[in-house]
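Chain by chain, the residues:
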Amino acid sequence: MDRGGPDVEGSAACSRLYLEEARNDDELRAQLVETCHLLQSRFLIRATGGNVSGRRGPGEPIWMTASGMALSEVRPDHLLKLSPSGEVLECPPGHRPSYETTTHVAMYEASDDARCVVHVHPPHATAYACAELEIPLLTITAQVLLGRTPVITLVESGTDSLGQALIQAAREVPDARCFLLKDHGLILRDSSPRAAFHLAELVEETAQTAWIRAHIGRHAPGS
């Protein structure tokens, strides 16, 4: 079996289905699968970590990846169907809900506009989360498109307490779309699976740029 990851450069990243708004749950599930594959192909998550969910709108069912499955291996029939409050409506045989379900539900509760939630562990952004530091917005792109990345501290992952902490942080910083989870990674929300994937890439690029800039120093070549 080929473990090198899916070929997403031409097919998934540029597919018509991925670029358009999902008209039904089947299209949404296909978009979520493509997002899962893209996230792992860009090394924003490794092994069986991370999870992705999506919905077509407020009050609509949430489709979410199962626990303990590599995102690169996710197919549409692997996704769980959840109620807006997180109750399991459909679960594929041999799979179980992610313990991050309550966290995803909280992100949707905090934003009617959210259509996709992504939880990943990109190394540079996660390093800032571990240090309990928001990611410095050094570039114009980050300042315009990313904005603040509040840090959620002292809350155990996958608990109702974390969900409430996220809702509180979203109320305090209403423009924030990405939240750093101390000693864990990040969780973000956006208007579509495609937008959420692009935001995840921007978060890690911004963190990497800030990390490199912090280590250049005054005596770097060319200074």
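Below, the structure is looked at part by part. Quick caveat, the model's predicted, so the values are computed rather than measured.

**Section: the environment of P61**
Piece 1. Within the element layout of this structure, P61 appears in the loop between β1 (51–54) and β2 (62–64).
Piece 2. In sequence terms P61 and G86 are 25 residues apart; their C-alpha atoms lie 8.9 Å from each other.
Piece 3. In this structure P61 touches G54, R55, K81 and L82, once residues within four positions along its chain are discounted.

**Let's talk about the nonpolar core**
Piece 1. With 36 residues, the main nonpolar core has L39, V52, V118, L186, L188 and V203 as its most contacted residues.
Piece 2. At the level of elements, α2 (25–41), β5 (116–120), α4 (123–130), α5 (140–146), β7 (178–181), β8 (185–190) and α7 (193–216) are the ones that each hand at least two residues to this core.
Piece 3. A total of eight residues in this core trace back to one element, the largest contributor, which is α7.
Piece 4. With near-sequence residues (within four places) excluded, L186 lies in contact with V118, H119, V120, P122, A125, C178, F179, L180, L181 and V203.
Piece 5. Grouped together as the second largest cluster of nonpolar side chains are 20 residues, L82, Y108, A169 and L181 included.

**Notes on the sheet that holds β1**
Piece 1. With mixed pairing, the eight strands of this open sheet are ordered in space as β4-β3-β2-β1-β5-β8-β7-β6. What marks the edges here is a single partner per strand, and that holds for β4 (88–90) and β6 (151–152).
Piece 2. Both strand β3 (residues 80–82) and β4 contribute to a ladder of two bridges, which runs antiparallel. Bridge assignment links K81 to a residue of β4, and that residue is E90.
Piece 3. Contacting β6, β7 and β8, α4 crosses the sheet at an angle of about 65° to β7.
Piece 4. Strands in contact with helix α6 (residues 160–172) are β6, β7 and β8; relative to β7, the strand with the most contacts, it is inclined by about 135°.

What counts and how
Residues numbered from 1 in each chain as written. Predicted model: local features only at pLDDT ≥ 70, side-chain atom pairs only at ≥ 80, totals over all residues. Heavy atoms only, no water. Helix = DSSP H or I, 4+ residues; strand = E, 2+ residues; numbered from the N terminus. Contact = heavy atoms within 4.5 Å. Core = buried A, V, L, I, M, F, W, Y, C linked by side-chain atoms within 4.5 Å. Buried < 20%, exposed > 50% of the residue type's maximum accessible area, 1.4 Å probe, protein only. Pairing = 2+ DSSP bridges. Axes fitted to C-alpha atoms, helices over the stretch in contact; angles between N-to-C directions.

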